[in-house]
Amino acid sequence: MSTNTKNLTIVQMNDTHAYFDLHPEWFFENDQFVYRKAGGYARIATLLKEIRENSNDVLFCDNGDTLNGTMPAVRSEGEAVIPVLNELGIDAMTLHWEFGHGPETLIEKSKKLKVPMLADNVYKLDDDKRLFPASIVKEYGDLSVGIIGIASNIVDKTMPDSFSKGLRFTLGKDELTEIIRDLKENKKADLIVLLSHLGFPQDIKLVNEIEGIDVCLSGHTHNRLFEPVIENDTIVIQSGCHGSFLGQLDLEVTDGRITDFSHQLIEVSEDIEPDPKISKIIEQSLSPYKDELAAVVGETKSALNRATMLESTMDNFLLSAIKESTGAQMAFSNGWRYGAPIVPGPVTMNDLYNITPMDPPIMTADLTGQELLDMIEQNLERSFASDPYEQMGGFVKRSLGLKVYIKIENPKGHRIQALYVGDEPVKKTETYKVAYITKQGVGDDFGSNKERFNRHAIESMKAYLEKHSPVTIDYLDTYKPV
């Protein structure tokens, strides 16, 4: 009996957050953070060209968080990124922050994007039809590959209402069995590839519950998986963020089954020769913003990054600026994972926009001590829920002006052991003045007397640098990563 063996190379790009060019990136080496430049679509293009020259059949997928995340992408509502993506030759992508410009804008941009957007879990409220197709099939000779997309499911749960206007989002899991059956039985797919933006913990649970997924390309949580994870015969990979890495998965497929594979997490290093055509497109895309972003606005003696879960130097800088601007007792912001590090030395406007590319307005509110306790418990549950499907955030909500002692392993609603505002234990009935940015900083269900302050985040950080430069920002109190 003859066998049919094929080779397929899958390349993953996830969570680039519209980082067009070379940028500082953090690496953890010899028990400490080190920084070197990495990334950029022109270097990614060079790597793709080499991979395609060495492999006859290449499937190149993007997990989303691609059209939003830097100032040029925000200002252009994703338009600046589209010419680059079209040139890279992406076979399929799914979505998350793509909804940040609003569904109507996303639909408009998707028509210009020569990339199939896939999401089995995003439905229009008016007719309950999917906003984008759930799957496509790619043919590689006599090997047929079904690709299913799952967008981030938290867009209508934790993000601004404008992101999900007219839409509803499901987990995407319950739809999978029928989609997989259709792909295999009716469309004769040999392999099933899941392109997911749920997050690594969610994907691990999902592939253990759903049969028939051969490969899961995981996104959202920015994991750098140097080795694939095998769960329920599914190969799961995830490849960092900011375009600083690509994941390459080489498969040997015999009679429709994966019989061998190899994987590498490729650093998009500075010494890679950038593709000249993509470099020119990037230069054109960034030219309207070049002078503004290059302006030096201060200096830092500390490396500022977002690489740590409970607290980060980058957000301590952001919150210090917000708190000082408003005179509030404490400050909150979202626990964003994205944002390229700022190395010691000059700080530019580009660095500030990388911290908060959407430049949200600063808000103030009054919160009772009980609300502080409830809000922080809610955030801890969204970060550390024992059921991965209940995890709905980035890192822990960033805060300054308070101190929280927690037991992460405790159940929902019982993680806080002690909460101090300044040096005083919180009083449940007392009211505290809070400054924050975005509803992830202080949600709609918390606080009273909410007012918009007369500064935005970027202006606040710029003013802080003008007053305190060069700044030294450290981890607070006793929490210091090794």
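Here, every reference points to the structure presented above.
Summary of the structure given here. Being a predicted model, the structure only gives us computed values, none of them experimental. Here the residue index of a chain counts from 1 through its sequence in written order. The model is predicted, so local features are restricted to residues of pLDDT at least 70 and side-chain atom pairs to those at 80 or more, both for listing and for counting; the totals for chains, interfaces and linings are taken over all residues. Hydrogens are left out, water is left out, and the side-chain values use all remaining heavy atoms of the structure.

Right, let's get into the overall build of the chain. Helix and strand assignments follow DSSP, with helices taken as H or I runs no shorter than four residues and strands as E runs no shorter than two, numbered in order from the N terminus. Regarding its fold elements, the chain presents 13 helices and 25 strands. The globule rule puts the C-alpha radius of gyration for 482 residues at 23 Å, and the 23 Å found for the chain is close to it. Reported as C-alpha extents along the three principal axes, the dimensions of the chain are approximately 80 × 50 × 45 Å. Only protein chains enter the accessibility calculation, which uses a 1.4 Å probe; a residue is then buried when its area is under 20% of its type maximum, exposed when over 50%, and partly exposed in between. Taking all 482 residues of the chain together, 58% fall into the buried category. Only C-alpha atoms enter the radius of gyration; for comparison, a globular chain is expected to reach 2.2 Å times N to the power 0.38, where N is the number of residues.

Okay, unusual backbone geometry next. Trans peptide bonds make up the majority, and among non-glycine residues the majority have a negative phi. The amide bond that connects S469 to the next residue, P470, takes the cis arrangement and shows omega of 0°. By secondary structure assignment, the location of P470 is in the segment after α13 (457-468). In this structure, D65 takes a positive phi of about 55° despite not being glycine. With respect to the secondary-structure elements, D65 resides in the loop between β4 (58-62) and α2 (71-75). Phi is positive for K188, close to 60°, though the residue is something other than glycine.

Here the focus is the packing of helix α10 (residues 313-326) against α13. Between α10 and α13, the least distance of the axes is 8 Å, while the angle of their chain directions is 90°. Here α13 runs roughly perpendicular to α10, going by the angle between their axes. Residues F317, L318, S320, A321, I322, E324 and S325 of α10 pack against A457, S460, M461, Y464, L465, K467 and H468 of α13. Under the convention adopted here, Pro, Cys and the residues Ala, Val, Leu, Ile, Met, Phe, Trp and Tyr are nonpolar, Asp, Glu, Lys and Arg are charged, and Gly plus all remaining residues are polar. For the contact of α10 with α13, the per-class residue count stands at eight nonpolar, four polar and two charged. In this analysis an axis means a line fitted to C-alpha atoms, helices contributing only their contacting stretch, and an angle means the value between N-to-C directions, from 0 to 180 degrees. Reported orientations rely on four angle classes, namely roughly parallel under 35 degrees, roughly antiparallel over 145, roughly perpendicular from 65 to 115, and oblique for the rest. We call two residues in contact whenever any of their non-hydrogen atoms come within 4.5 Å of each other.

Here we take up the environment of L191. Relative to the helices and strands, L191 is located in strand β10 (residues 191-196). With a relative accessible area of 1%, L191 lands in the buried category. Each C-alpha atom of the pair L191 and D214 lies 6.2 Å from the other, and the pair is 23 residues apart in sequence. Dropping the residues within four chain positions of it, L191 is found in contact with L8, L143, S144, V145, G146, D214, L251, V253, G256 and I258.

Okay, the sheet that holds strand β1 (residues 5-13) next. Strand pairing requires that DSSP identify at least two bridges connecting the strands. Sheet architecture is open: five strands sit in the order β5-β4-β1-β14-β15, paired in mixed fashion. Edge positions in the sheet fall to β5 (92-93) and β15 (257-267), since each of these pairs with one other strand and no more. Two strands pair when backbone bridges link them, and β1 and strand β14 (residues 245-254) are joined in this way by eight bridges, in the antiparallel orientation. Pairing of K6 across the sheet is with V253, part of β14. In the packing of helix α1 (residues 41-54) onto the sheet, contacts are made with β1, β4, β14 and β15, and the angle to β1 comes to roughly 175°.

This brings us to helix α6 (residues 176-185). Looking only at α6, the buried set comprises L176, I179, I180 and L183. The buried residues of α6 occupy an angular sector of 100° when the element is viewed end-on, so they sit on one face. Packing partners of the buried residues in α6 comprise β7 (135-140), β8 (143-150), β10 and α7 (200-209). Our arc is simply the arc of the directions from the helix axis toward the C-beta atoms.

Once that is clear, we can look at the state of the cysteines. Among covalent bonds in proteins, the disulfide is the one between the sulfur atoms of two cysteines. Disulfides are defined in this document as cysteine sulfur pairs within 2.5 Å. Overall, the coordinates contain zero disulfides when judged by the stated rule. Here C61 is not cross-linked by a disulfide; its sulfur's nearest cysteine counterpart is in C216, at 11 Å.

What follows deals with the nonpolar core. Residues Y41, L88, F99 and L352 are the most contacted members of the largest nonpolar core, which totals 79 residues. If near-sequence neighbours (up to four positions away) are discounted, Y41 is found in contact with M13, T16, A18, Y19, F20, T66, V81, V84, L85, L88, I278 and I282. For the purposes of this section, nonpolar cores are sets of buried Ala, Val, Leu, Ile, Met, Phe, Trp, Tyr and Cys residues that join through side-chain atoms within 4.5 Å.

Looking now at the pattern of salt bridges. Working definition: two side chains of opposite charge can pair if their charged atoms are close together. The working definition used for a salt bridge is a side-chain nitrogen of Lys or Arg within 4 Å of a carboxyl oxygen of Asp or Glu. The final tally for this structure, using the stated rule, is 26 salt bridges. Salt-bridge contacts for E29 lead to R36; the nearest nitrogen and oxygen are separated by 3.0 Å. Look at E29 and you get partly exposed, because its relative accessible area is 30%. For R36, a relative accessible area of 32% corresponds to the partly exposed category. Residue K467 pairs with E324 through a salt bridge whose shortest N-O separation is 4.0 Å. Of this pair, K467 sits in helix α13 while E324 sits in helix α10, placing them 143 residues apart in sequence. On the basis of relative accessibility, which here comes to 37%, the residue E324 falls in the partly exposed class. The structure contains a network of salt bridges with shared partners spanning E79, E108, K109 and K112.

This part covers the sheet that holds strand β22 (residues 416-421). One open sheet accounts for three strands, arranged β21-β22-β23; its pairing is antiparallel. Since the sheet does not close on itself, it has two edges, and those belong to β21 (402-406) and β23 (424-425), each with one partner. As defined by bridge partners, β22 adjoins β23 across two bridges and the pair is classed as antiparallel. Among the inter-strand pairings, V421 is bridged to a residue of β23, identified as E424. Of the strands in this sheet, β21 and β22 are in contact with helix α12 (residues 369-384), which crosses β22 at around 130°.

Pairing analysis gives ten bridges linking β14 to β15, with the strands arranged antiparallel. Residue pairing across strands places L246 opposite I266, the latter belonging to β15. As consecutive antiparallel partners, β14 and β15 are separated by two residues, and within that stretch D255 has a phi angle of approximately 50°, a positive value.

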